[in-house]
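Observations on the three-dimensional arrangement
So the chains spell out like this:
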Amino acid sequence: MRCFPWFIKWCFPLFWIGLLIPFVNSSLTTQTPNPTQLPTPHTFRFQNPLQCLKNEFYNLNLFDCVPCNEVATGAGGLGKLQPDKFSCKCPPGHLSIYERGKTWPTCDEICTPDRSDNCTSVWLPQPRPSDQCSYRYLNSTSVFASQLPVHPIISGIILTKTNPVSSVGDCHSCDMVHNFRYKDFCVASTLLRPYLHYNAFWQATTPSRPDANTPSHFGDLKFVVFFCLTLRNDTACQELANLCVLSHFSLEKHSPCSAFLLTQVSDVVMKYAHSGEQVRSLQPFLFYKKGRVTKELLSKTLQLPDRKELRLFSTTISLNGDLKRWGAFQPEMLNMCQQPAPSLRLALPKKESEVYCQLTLERLIDLANQQANDEYISVFLNFSSNWQFLLHQLPVLIETLTPENQRPHQEEWQLVKRFQLISASPRDNRLHHTLPRYEDAHKLQQYYSLRYAKDIELHYTLDKDQPDRVGLPLIRLRYHHIDIGPGNASLAQLYPFRLKITYEQVKRDWDFLILEVALPLLFLLAFAAAVFRLQNLRRRRKTDLCQISSLMEFLLQLAGNLACALLATALLLLLLQTSHLRLLKILLYPAFLLQFVFLGIKLWRSSQLELFLIDWERPRSSCEGQRLNLDSSSLCSSVRTFVAESSVSAWRVLFTANAWIRLSVSQKYSTLGQVFVVVAGYQFLERFTRGDLVLRCCLISAVYVLTYLLQIIGHNLFMANPLQKFIDLCSLANISLFSLTEPGFGYYIHGRSPHGFADTDMSSMILQLQRTQNMCGRRGLLMDSDKQSYIILPPRNLHIYLERLLLPFQRSLTGSLSQTLLYQKDIVPSIDGQMERTSIAYASVNRFFCAFIDHAIKDMDYIIKEKSFLEQMLNCEIENYITENKGTFYIDDSFSFSRVLLLGNHLNIFVLELLLLLSIFLITSNLLIAAATACVFNLVLRQIFRYWVRRNVSRKTLIDERFLL
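Predicted model, so just to flag it, every value in this text is computed and none were measured. (Residues numbered from 1 in each chain as written. Predicted model: local features only at pLDDT ≥ 70, side-chain atom pairs only at ≥ 80, totals over all residues. Heavy atoms only, no water.)

Observations regarding the overall build of the chain
Put simply, the rule is: Think of it this way: any DSSP run of H or I at least four residues long counts as a helix, any run of E at least two long counts as a strand, and we number them from the N terminus. Only protein chains enter the accessibility calculation, which uses a 1.4 Å probe; a residue is then buried when its area is under 20% of its type maximum, exposed when over 50%, and partly exposed in between. Contacts are residue-level and defined by heavy atoms, with any inter-residue pair within 4.5 Å sufficient. The accessible surface values rely on the Shrake-Rupley method and a 1.4 Å probe; as for residues, cover is taken only from the protein chains in view.
Helix and strand counts for the chain stand at 23 helices and 29 strands. Looking at the chain residue by residue over its 965 residues, the buried ones come to 48%. By sequence separation, contacts in the chain at least 24 residues apart represent 71% of the contacts at least 6 residues apart. Working note: accessible area of the chain is about 48200 Å², and carbon and sulfur atoms make up 58% of it.

Observations concerning a nonpolar patch on the surface
The test is simple: A patch consists of residues whose relative accessible area exceeds 30% and which take part in no salt bridge; residues with like charges are grouped when within 9 Å of each other, and nonpolar side chains (Val, Leu, Ile, Met, Phe, Trp, Tyr) when within 5 Å. Just to be clear on terms, a salt bridge is a Lys or Arg side-chain nitrogen sitting within 4 Å of an Asp or Glu carboxyl oxygen.
Nonpolar side chains collect at one region of the surface, where Phe532, Phe869, Leu870, Met873, Leu874 and Ile878 lie side by side and expose about 580 Å² of accessible area between them. Top element by residues in the nonpolar patch is helix H21 (residues 869–874). It accounts for four residues. Mapped onto the elements of the fold, Phe869 is located in helix H21.

Description of the environment of Cys228
Tracing the chain through its elements places Cys228 in helix H5 (residues 221–229). Expressed as a C-alpha distance, the spacing of Cys228 and Leu240, which sit twelve residues apart in the sequence, is 7.6 Å.

Here's the deal with the side chain of Ser314
Using the following cut-off: Polar contact is the term for a pair of N or O atoms within 3.5 Å; when the atoms are in protein, one must be able to donate a hydrogen and the other to accept it, and sequence-neighboring residues count only if both atoms are side-chain atoms.
Along the chain, Ser314 turns up in strand E13 (residues 312–317). Judged by relative accessible area, which is 0%, Ser314 ranks as buried. At a separation of 3.2 Å, a polar atom in the side chain of Ser314 contacts the side chain of Arg325. Beyond its immediate stretch of four places on either side in the chain, Ser314 contacts Arg325, Trp326, Gly327, Ala328, Phe329, Met333, Ile377, Ser378, Val379 and Phe380.

Some words on the nonpolar core
This is how the line gets drawn: The definition of a nonpolar core used throughout is a set of buried Ala, Val, Leu, Ile, Met, Phe, Trp, Tyr and Cys residues joined through side-chain atoms within 4.5 Å.
The biggest cluster of nonpolar side chains holds 110 residues, and the ones touching the most others in it are Trp660, Phe726, Phe738, Tyr748, Phe889 and Phe897. Grouped together as the second largest cluster of nonpolar side chains are 104 residues, Leu282, Leu310, Leu499 and Ile501 included.

Notes on the sheet that holds strand E28 (residues 861–866)
Under the convention used in this document: At least two bridges found by DSSP between two strands are what make those strands a pair. Every axis corresponds to a line fitted to the C-alpha atoms, with the helix fit spanning only the stretch in contact, and the corresponding angles, defined between N-to-C directions, vary from 0 to 180 degrees.
Spatially, six strands are ordered E24-E25-E26-E27-E29-E28 in an open sheet, and the strand pairing comes out mixed. Of all the strands in the sheet, just strand E24 (610–615) and E28 have a single pairing partner and so form its edges. Shown here is a sheet whose adjacent strand axes are inclined to one another by a mean of 25°, direction ignored.

Some details on the packing of helix H11 (residues 548–576) against helix H15 (residues 693–718)
To describe two helices that pack against each other, one gives the angle between their axes and the distance between the axes. We apply this condition: In what follows, roughly perpendicular refers to angles from 65 to 115 degrees, roughly parallel to angles under 35, roughly antiparallel to angles over 145, and oblique to any angle outside these ranges. A crossing counts as left-handed when the near helix is turned anticlockwise from the far one by less than a right angle, and as right-handed when that turn is clockwise. Asp, Glu, Lys and Arg are counted as charged, while Ala, Val, Leu, Ile, Met, Phe, Trp, Tyr, Cys and Pro are counted as nonpolar; the rest, among them Gly, fall into the polar class.
Remark: H11 packs on H15, axes separated minimally by 9 Å, with the N-to-C direction vectors making an angle of 115°. With respect to their mutual orientation, H11 and H15 come out roughly perpendicular. As for the relative orientation of H11 and H15, their crossing is left-handed in sense. Along the contact surface, H11 presents Leu571, Leu574 and Leu575, while H15 presents Val694, Cys697, Cys698 and Ser701. Of the residues that constitute the contact of H11 with H15, the class distribution is six nonpolar, one polar and no charged.

Re the state of the cysteines
Condition: In what follows, a disulfide is any cysteine sulfur pair within 2.5 Å.
Throughout the structure, instances matching the rule amount to eight disulfides. Here Cys90 engages in a disulfide with Cys107; their sulfurs sit 2.1 Å apart. Torsion about the S-S bond of the Cys90 and Cys107 cystine: about -90°, corresponding to left-handed handedness. One end of the pair, Cys90, is in the loop between strand E5 (88–89) and strand E6 (94–99); the other, Cys107, is in strand E7 (residues 106–109), with 17 residues separating them in the sequence.

Some thoughts on the sheet that holds strand E9 (residues 156–160)
Here we have six strands laid out as an open sheet, ordered E7-E6-E9-E8-E11-E10, and mixed in their pairing. Here the strands that pair on one side only, and so sit at the sheet edges, are E7 and strand E10 (179–182). Strand-to-strand twist across the sheet, computed as the mean angle between neighbouring axes with direction ignored, equals 25°. In the packing of H5 onto the sheet, the strands contacted are strand E8 (136–140), E9, E10 and strand E11 (185–188), and the crossing angle to E10 comes to about 95°.

Some thoughts on the side chain of Gln264
Counting through the fold element by element, Gln264 comes out in helix H7 (residues 258–264). Of note is the side chain of Gln264, whose polar atom sits 3.0 Å from the backbone oxygen of Pro284. Not counting residues within four places of it along the chain, the set of residues in contact with Gln264 comprises Leu282, Pro284, Phe285, Leu286, Phe287, Tyr288 and Lys289.

Some points on unusual backbone geometry
Going from Gln283 to Pro284, the amide bond is cis rather than trans, its omega being 10°. Along the polypeptide, Pro284 turns up in the loop between H7 and helix H8 (292–298). In the Ramachandran plot, His248 falls in the positive-phi region, its phi being about 60° despite a non-glycine side chain. Looking at the element boundaries, His248 is found in the loop between helix H6 (234–246) and H7.

Written out as structure tokens, the structure reads:
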């Protein structure tokens, strides 16, 4: 069963999808997913709360109406949950049961013994308490296990208005021995046990115990976390997010931010997790993910509904999680100065885009009293996509949050989605004498520290090509911390404040087109070329491609193609000067590794090809009356000639084999000359690079590529073709070369001499020259042709027959002594027997190939044809006539057999050397070290390849390795 059509059918669509996903997410993207179909933590479709239906509540995190009955799960809750504007709750007369893994509670009706209707639930047999209860009780459902004769036991938390330990419906007492009091809740201690570790954050951030009039922000942290993570209370989650902002986005393990960091930031490890917390996507959305996502977010462009100004929308949440305000956002909301704030008009002039002033400490304290740590702001941009008006939450970069936020690399930034204009830490005044409120100095005793945003910047980009599109605005904040110590602070102290709106007109850079357009296309081309290579290999091998060997071949070709694609991308970036060092390293280092693996395996496989040297010449006649060797016949005249030891001319074979070894390590260019020109050019032009490492890499690459091209052109124009010289040598030696890189593919060099023999004296050589003046001898395989180089697809039986011929010789080398004696006519010393077997094996192979080339084997033949233009261009065989007994010889005018030599791999070697040169230069910043490394690498490569070829020639041609150079 052939699986190649199936492979193509599935691989190409999957590859297209993989390429299109990052392309769609790039800054050219104009399509935004519909939030109703695919909710994201950044983009929302705003829906008016007045449009919510009777059974729907309004989700403040998504700005959308959500039905209660659809989100509720479980038999007890389905259909009973009722919307409570911003959440769902159980109706009066029902218990709320919170189970692990469920978003919403299960509602169960309260039944009492005095009821006569059909009521099966027996959660609380006590009478119903009155509505004027002091507490609501939270406890585990396991407490009521003995009271559940009908209802199944549910492992969860029950919320009721009846004290479980009271038998008279008490709802006004809370035993502090086994419970905690929080607002109007009485919470069992066992429920809060997994969250008691949050007390450590309260102790670390609160210098002294606050008095009754001071809000205990972090003292209630464990309760807020419990209500948010366990009871799924959205208001508590909003409060937890505000506490995270109030703590200045603390990264401590027990901070209010730990749950958000765990579920919303990709590169934060599990150190923020706790055994009592559930790892789930926590709302509201507070953090942006770091890394490539940040860069893609900031490079995103959005369609504006109004070309004249930015339309912003904001929400303000109070500290306890309630919505204080939403509506249109104006910069005046962030302005602390007396001057008017800049407007949101696009392309605002610089003199109108900034306001600056000095604020007194008294003014800052008054602002802190006014806001009272109770305003937390999120800003959104109105934009349109797919004929819909959407909201995109603006990222906030707090430069004073982490050192990475002050660096230029956007991938390292930690962006947030909510911020605070000013925050204050109240002072505990119970231990100190305080001044009356009517004195101004009383203000200095209210807080021990302030933190305010001293520098606020709203930055966006305008596209020159599309003026109705802007880059996603970024809010940059820089906070200033003020310690109000006793005796060292004055209300008249001045502190700076700046509010500005900046923009930048940009045109899509070349780096975007290269990385987001050219690189994916190059990857697609590399993949297609590897698939085509695999299909061509299937034609040559006639094997099924659903095999491990075929997969490895595909990955090998893909590695080489991807290395070239990465190098081409790096060179384009260097040429256009739109790259930086980090990007260059990301492109060059993997490219070097891929090319190194590809070239190493390819050269090793090329050196291990099946190689046979065919001697066309019969032994010379020893008749006394013969003066010249011109009367001697060739071996080709009769393939049934008696095989003797003298039928092999050792010197011509050795000469040809050594010439093949020398040819295998020849190159079209000199690496030493390359690096010499590069170093000289670099020393001459270095002063123009201004110390820029990227510009120096561009200079090195340009000089190296130019030198390589000049050497290749000069080699082709002014140097004799070494491949043609080797073919001429084969004709002079009267020896042909038959090689197979695959069992069904190889190369043939027809070296049969037109004169019939090669062993001659001086007088015979002169006579040959005189004959060639009168008649033209043709060297080609065809009588009327001089074509000597061929690409061959031999019959399938040829390789099998060769293995049978060489089997006795191979057994003699690897087998035991008893096996060896089976193939000896007489008991002879092992060395003499080995020489005899080698001679017989070589003569048999030589006789077989002579017969095959002369069409003298009845059941094994071939045809000769030319390749079409398309086949020559793509290096493939579209229409081949291969059977068990029939093969095809293609006339090869381009000397394709160089592909198994260094001459035919000069481009791959050049690519690897250039990648090595640039990689070493980026690591060491020293061109001399990089150049020396490239030269040493080329020398080692040639020596290793020469060693491989030499051993293979000795093994395949049966020539003793001591006779090879």
